[in-house]
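# Residue-level structure breakdown
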Amino acid sequence: MKTIEEIELLSWKAIWLAVQNGKHCQVQRAIDEHVERFPTSEQDLVRLRTIHIVRDTQRQPHEVQSRIQRVSRTIRTLQNGNFNASRQEESHAS
């Protein structure tokens, strides 16, 4: 079973991969799936925040690639059981 952290990371990875592919419908689908994970009362705010982050980054291919690599690395760390919650992690959203 995946942890909440791993699910969150996989969600962001799906968003960044869709952005990298450049297909608007894939980006929208990835964002929709990401937003649906949150309680209904928080979904509007999550959607706005996610769209803002994507718009700020989507025209920077090197940054998108960097985020994909970073989230992949963190997922592997979680899966290997080497995740240290006290260590300062960079946000995969921003």
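Residues numbered from 1 in each chain as written. Predicted model: local features only at pLDDT ≥ 70, side-chain atom pairs only at ≥ 80, totals over all residues. Heavy atoms only, no water.

### Thoughts on the overall build of the protein
This is how it is decided: Numbering goes from the N terminus for both helices and strands, where a helix is a DSSP run of H or I of at least four residues and a strand is a run of E of at least two. Between buried and exposed lies partly exposed: a residue is buried under 20% and exposed over 50% of the maximum accessible area for its type, with that area taken using a 1.4 Å probe on protein chains only. In what follows, a contact means two residues having at least one pair of non-hydrogen atoms within 4.5 Å.
Each helix and strand in the protein was counted, giving 4 helices and 0 strands. Listing every helix and strand of the protein by position from the N terminus yields α-α-α-α. Counting across all 94 residues of the protein, residues that qualify as buried make up 31%. Look at the contacts in the protein between residues 6 or more apart in sequence, and 57% of them connect residues 24 or more apart.

### Regarding the nonpolar core
Put simply, the rule reads: Only buried residues count toward a nonpolar core. Its members are Ala, Val, Leu, Ile, Met, Phe, Trp, Tyr and Cys residues joined through side-chain atoms within 4.5 Å.
Membership of the largest hydrophobic core comes to 14 residues, with the highest contact counts inside it found for Ile15, Trp16, Val19, Val27, Ile31 and Val54. Of all elements in the fold, only α1 (4-21), α2 (24-36), α3 (40-57) and α4 (61-79) reach the threshold of two or more residues within this core. Top element by residues in this core is α1. It accounts for 5 residues.

### A word on the side chain of Thr50
With respect to the helices and strands, Thr50 occurs in helix α3. Taking relative accessible area as the criterion, Thr50 reaches 1% and is therefore assigned buried. In contact with Thr50, other than residues within four places in its own chain, are Trp12, Ile15, Ile31 and His34.

### Structural notes on the environment of Gln26
Counting through the fold element by element, Gln26 comes out in helix α2. Separated by 12 residues in the primary sequence, Gln26 and Ala14 have C-alpha atoms spaced 9.1 Å apart. The residues contacting Gln26, other than those within four sequence positions of it, are Ala18 and Asn21.

### Describing the pattern of salt bridges
Heads up, the rule is: By salt bridge we mean one thing: a side-chain nitrogen of Lys or Arg within 4 Å of a carboxyl oxygen of Asp or Glu.
Overall, the coordinates contain 3 salt bridges when judged by the stated rule. Asp32 is the salt-bridge partner of Arg47, the closest N and O atoms lying 2.7 Å from each other. Separated by 15 residues along the polypeptide, Arg47 in helix α3 and Asp32 in helix α2 bring together distant segments of the chain. One salt bridge connects Arg67 with Glu63, and the closest N-O pair in it is separated by 2.8 Å. Taken together, the residues Arg67 and Glu63, both in helix α4 and 4 residues apart, mark about one turn of the helix. A relative accessible area of 8% places Arg67 in the buried class.

### Comments concerning α2
The following threshold applies: Multiplying 1.5 Å by the helix residue count minus one yields the expected span of that helix. The directions from the helix axis to the C-beta atoms form the arc being described.
When the terminal C-alpha atoms of α2 are compared, their 18 Å separation across 13 residues agrees well with the 18 Å that a helix rising 1.5 Å per residue should span. Of the positions making up α2, those classed as buried are Val27, Ala30, Ile31, His34 and Val35. The buried side chains of α2 occupy one side of the element, clustering within an arc of 135 degrees when seen end-on. Turning to α2, the residues buried within the fold contact α1 and α3.

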